[in-house]
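Residue strings, one per chain:
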Amino acid sequence: MKQASGTPAWLPFLPMDIPAGNSSAQLARSELAAGLAALASSQRVELEVKGADEGYDILLREGTLHIRGGEPGVLYGTYTLLQALARGEPAPLGNYRPRYPLRMLNHWDNMDGSVERGYAGGSLFFNNNRLAYDQARIHRYARMLASVGINAICLNNVNVRPPMDGLILPPQLDDLAGLANLLRPYGIRLLVCVDFAMPARHEPGTADPLSPQVQAWWALRAKQVYARIPDLAGFVVKADSEHRPGPHTYGRSHAQGANMLARALKPHGGLLFWRCFVYNCRQDWRDRQTDRPKAAYEHYAPLDGQFDDNVVLQIKSGPVDFQVREPVSPLLHALPQTKKALELQLAQEYTGQQIDLFYQAAQWQDIFRQLPPGGADYIAAVSNLGDDESWCGHDLALANLYAFGRTAWRGESLPGRYAMEWAALSFPEAAGEITKLLLASPHVYEKYAAPLGLGFMVNPQTHYGPSPEGYEYALWGTYHRANHEAIGIDRGPEGTNFTAQYPLHLRQRFERLTTCPDRLLLFFHRLRYDQRLADGRSLLQRIYDDHFEGAQEAEALQAAWLELAGRVPPEVHARVARRFEMQVQNAREWRDVINTYFYRKSGIPDEQGRLIHP
Ligand code: GCU
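Residues numbered from 1 in each chain as written. Predicted model: local features only at pLDDT ≥ 70, side-chain atom pairs only at ≥ 80, totals over all residues. Heavy atoms only, no water.

Q: Looking at this structure, how should I read the overall build of the chain?
A: Summing up its helical and strand segments, the chain has 15 helices and 16 strands in all. Compactness check: the chain gives a C-alpha radius of gyration of 25 Å against a globular reference of 25 Å for 614 residues, within 12% of the reference. Burial analysis of the chain (614 residues in total) assigns 62% to the buried set. For the chain, restricting intrachain contacts to residue pairs at least 6 apart in sequence, the fraction spanning at least 24 positions comes to 70%. Per element, the accessible surface of the chain, about 22,400 Å² overall, is 50% carbon and sulfur. (Helix = DSSP H or I, 4+ residues; strand = E, 2+ residues; numbered from the N terminus. Rg over C-alpha atoms; globule rule 2.2 N^0.38 Å. Buried < 20%, exposed > 50% of the residue type's maximum accessible area, 1.4 Å probe, protein only. Contact = heavy atoms within 4.5 Å. Areas by Shrake-Rupley, 256 points an atom, 1.4 Å probe, with all protein chains shown as cover.)

This is the structure:
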C-alpha cells in the first residue's frame, strides 16, 4: 500500500495502533486503558453503557469518574475525558448531547484515487477504480473523527460518473459493507453519492422520476444496499447542477426527483441529502438580469412543503460558493417546512488550499450569527483530508477539522476555544502562540485575497492565486464589473434585488451602507473608488491598505512560526515552514496584482506612495 501512516493529529498521547473492538463500548474500554496509561493518570474511571444514545454524562462518585452513555456515547465520553486530561484540565463533569443528529464529512473522492478540490494528496479510500485502503490508517482516521463526534461520512465525489456509480452495486457493494463494518464501532455511518441518471444506463432506459420502472429500480437498489449495510445513513445527490443530470432533464421538479429517491430509502430509515447548489453555470457575462446568488432561493423556496420528511436539502453556507466572505444563504431562512443541512467546506478551495493558513471557525461563527433560530437540522462539511502524511497538506489545517467536529456537536462555533483546545492537544509546548496564529490567519488572508466581499478574483479552474478578471467574461455568473470609477454589483432594490430574499432584519442591514459590514460592502453594493467608508478612508485606499497589510501580516505569521523551532516536532516545523514560504509568495502576488489592477483601472495613486506597478 502506497499510503503514509498519517500523523497522530491532535491525539499524540494515544498509541498509534488502535486495539481492535467490535463495539463502541469495547473500543471505549481499550482506548480508556491505553489513554490513562499513556498519560500516567491514576484516575479511576468506570464506563456505564446502556442503550444506543450518542449523548453521555461524566460524573464523579466517591472519587471514581463514571462515563455513562450508550453506544457510541461512552466512546465520545472517553475521548472527551482523555483530551481534557491530556490538556491538564480537571475532569470535564457534565451532560453532553449533540446539537445535530448527523454530523457529516463529505469526501469528494474519485475512484481513480484523485480528490476533487483535494489539497492533501490522494484519496484515503479509493485507488484504481475500487475501494482500496490502508486499514490501520482508516482506524486512525475514524478515531480522529470520533474524538470530536463526527458520526457520518459520505465517501465519494458529488460529481458521480461511471464507474463510480457502481459503488452501490455488487461486487463493489461488498467492499463498501466491509468499510462500514470497520467504521461502525467508532459511531460512524456511511453515505454514498449517487447519480440521478443511473437508471437510464440500466434496464429502465430512463431516469424519469415519475416512471414506475425507475421507482422500482431505485427501490431494489436501496433494498440491496441496506441488506449489506443496514445502518447506511442515506444517499447524497447533486442534480441539475454544473452539468450533472437531474429531474429537469425529464421536465420534473426537484421535489418530484428528490421524493422519488427518498421513497426508495424510506423503508430502510435512510435520508436523502439533496444539494441545492443549482444555478446557471452558462451565464453570459453580458446578461445583467441573472444574478447568481439569487439562484438557489429562486429554485427551492417555492418548493417548501413539497418534500417528503426524509428529504434533507443540503445548502452551502453562502449563496455563491465558499468564498472568503459571503453573507449567509437566504435559502437557510426560507424553508420552514423542509429539513435542511448546512454545508461548509473544510477543503480551502477559495481560501488558500491548505497552503495558506486559514482557520475557518470565525467564518462559521459569522454564518451562525446570521442563521434563523433553529438554523439547520443537520450539518455537513466537505473534507480537507487526503492520504498525505499530515492528513491535510498543512499540519495546522487539521485545526479546521477539529473545530468542525466541535461546532457540529455543540451547534455553535467558538473560534478561540476550539483553537486553544486543538493547539493544547497537538502542540502543548507552543499552544498559546499557535492559537494566536490560527486566530489571526483568516483576517490576514481576507485582507490580501478578498477585498471587502468581492469573490472569485482567483485563477480560473485552480482557484488559487489572483486573477482579477479571471471570471469576468466567463460563463459562471461571478462578476464584479469593475471599470475606471466603480466596482461591485448593486444587489439592493435598485439593483438585482437579491436582498429581498432575506428576512427584514438582514435585508435592512445589508441594504444600508451604514449598517452593511465592511467585509460585505462589495458583495451588496456597487461603489465608486472614492466612496468614503466609516473610518474616513476611501474605498480604494482601503483596498490598497488591506493588500499591503495582508502581505506584511503573512510575513509576520511566517516569522512567528519560525520562532517556534524546537517547540514542535522538527518534521512538522519544517513542513509548515515550507507552507509559510509559499503563503508569503502568494500574498505578495495578490498584493501586487490586485493593487496594480485597481491602480490601472482608476488612475488613483496610493496615498502613502507605496510601490504599485503602473
Ligand atoms: C464548486 C467546486 C466544484 C464542486 C462544486 C459543488 O463549484 O469548484 O469542484 O463540484 O462546488 O459543490 O458541487
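Now, onward.
Q: Where do I start with the pattern of salt bridges in this structure?
A: Should their charged atoms come close, side chains of opposite charge can pair. Going through the model one piece at a time under the given rule, you end up with 44 salt bridges. Note that E48 and R61 form a salt bridge whose closest N and O atoms lie 3.5 Å from each other. Here E48, found in strand 1 (residues 44–49), pairs with R61, found in strand 2 (residues 56–61); they are 13 residues apart in sequence, far enough to count as distant. The partly exposed category is assigned to R61, whose relative accessible area is 38%. Across the salt bridge formed by R591 and D592, the nearest N and O atoms sit 2.9 Å from each other. Residue class for R591 comes out buried when judged on its relative accessible area of 19%. Because the salt bridges share partners, they merge into one network encompassing D535, R537, D545, D606 and R610. (Salt bridge = Lys/Arg side-chain N within 4 Å of Asp/Glu carboxyl O.)

Q: What should I look at first to understand helix 2 (residues 73–86) in this one?
A: Each turn of an α-helix holds 3.6 residues, which means side chains three or four residues apart point in the same direction. Taking 1.5 Å per residue as the helical rise, helix 2 with its 14 residues ought to reach 20 Å, and the 20 Å between its terminal C-alpha atoms agrees with that figure. Burial within helix 2 is extensive, with 11 of its 14 residues counted as buried. Regarding helix 2, the residues found buried are G73, V74, L75, Y76, G77, T78, Y79, L81, L82, Q83 and A84. Phi turns positive one or two residues past the end of helix 2, at G88, with a value near 75°. (Expected span 1.5 Å × (residues − 1).)

Q: What is the right way to look at the site of the ligand in this model?
A: Close contacts around the ligand come from 13 residues, with E116, K238, R275, K316 and E349 the closest. In the model, an oxygen atom of the ligand is placed 2.6 Å from a nitrogen or oxygen of the K238 side chain. Measuring from an oxygen atom of the ligand, one finds a side-chain N or O atom of K316 at 2.7 Å. Protein coverage of the free-state accessible area of the ligand, which is 320 Å², stands at 95%. The class makeup of the residues in the shell around the ligand is three nonpolar, two polar and eight charged. (Near = heavy atom within 4 Å. Polar contact = N/O pair within 3.5 Å; in protein donor to acceptor, adjacent residues only side chain to side chain. Nonpolar A, V, L, I, M, F, W, Y, C, P; charged D, E, K, R; others polar.)

Q: Just to check I follow, could you spell out the nonpolar core for this structure?
A: Considering soluble globular proteins, one finds that nonpolar side chains tend to be buried as a cluster. Judged by nonpolar contacts, the single largest core of 205 residues is most densely connected at W10, W218, L385, W422, I434 and F598. For F598, the contacting residues outside a window of four places in its chain are L454, M457, I487, Y529, L540, I543, Y544 and G603. (Core = buried A, V, L, I, M, F, W, Y, C linked by side-chain atoms within 4.5 Å.)

Q: What am I meant to see in the packing of helix 1 (residues 24–38) against helix 2 here?
A: Two quantities define a packed helix pair, namely the angle between the helix axes and the distance between the axes. Closest axis-to-axis distance for the helix 1/helix 2 pair is 8 Å, and the angle between their directions is 15°. Between helix 1 and helix 2, the angle is such that the two are roughly parallel. The way helix 1 lies across helix 2 gives a crossing that is left-handed. Here S24, A25, L27, A28, E31, L32, G35 and L36 of helix 1 come into contact with helix 2, specifically with V74, L75, T78, Y79, L81, L82 and L85. Classifying every residue of the contact of helix 1 with helix 2 gives 11 nonpolar, three polar and one charged. (Axes fitted to C-alpha atoms, helices over the stretch in contact; angles between N-to-C directions. Parallel < 35°, antiparallel > 145°, perpendicular 65-115°, else oblique. Left-handed = near helix turned anticlockwise from the far one by under 90°.)

Q: How should the environment of N159 be read in this particular structure?
A: Along the chain, N159 turns up in the loop between strand 8 (152–156) and helix 4 (172–183). Taking relative accessible area as the criterion, N159 reaches 6% and is therefore assigned buried. Taking the C-alpha atoms as reference, N159 lies 9.3 Å from S241; in sequence the two are 82 residues apart. When residues no more than four places from it in sequence are discounted, the contact partners of N159 are E116, M164, K238 and R244.

Q: Quick question: what am I supposed to make of the sheet that holds strand 2 here?
A: Adjacent strands of a sheet form backbone hydrogen bonds with each other and so pair up, either parallel or antiparallel. In space, the four strands of this open sheet follow the order 1-3-2-4, with mixed pairing throughout. The two strands at the open ends of the sheet, each matched to only one other strand, are strand 1 and strand 4 (94–96). If you compare each strand with its neighbour and ignore which way they point, the axes differ by 20° on average. Where strand 2 lies against strand 4, three bridges are found, and the strand directions are antiparallel. Paired with Y56 across the bridge in strand 4 is Y96. (Pairing = 2+ DSSP bridges.)

Q: Would you mind going over the side chain of H547 with me for this structure?
A: Note on placement: H547 falls in helix 14 (residues 539–562). When sequence neighbours within four positions are dropped, the list of residues in contact with H547 reads K447, Y448, A449, P451, W590, R591, I594 and N595.

Q: How do you make sense of the packing of aromatic side chains when you look at a structure like this?
A: Note on aromatic pairs: each is described by the distance of the centres and the angle between the planes. Inspection of the entire model under this criterion finds 27 aromatic pairs. Plain terms: the ring middles of Y529 and F598 are 5.9 Å apart, the flat faces sit at 75° to each other, and that makes the pair edge-to-face. Linking Y529 in the loop between strand 16 (527–528) and helix 14 with F598 in helix 15 (residues 570–602), this pair joins segments that are 69 residues apart in sequence. The exposure classification of Y529 matches that of F598, with both residues buried. (Phe/Tyr/Trp six-rings, centres within 6.5 Å; stacked < 30°, edge-to-face > 60°.)

Q: Can you walk me through helix 11 (residues 431–449) in this structure?
A: With 19 residues, helix 11 extends 27 Å between its outermost C-alpha atoms, agreeing within 8% with the 27 Å of an ideal straight helix rising 1.5 Å per residue. Most pronounced at S441, the bend in helix 11 amounts to some 35°, and the proline P442 follows within four residues. Among the residues of helix 11, those classed as buried are A431, I434, T435, L437, L438, S441, P442, V444, Y445, E446, Y448 and A449. Looking at the packing, one finds that the buried side of helix 11 touches helix 9 (398–410), helix 10 (415–426), helix 14 and helix 15. (Bend = angle between axes of the 7 residues up to and from the residue.)

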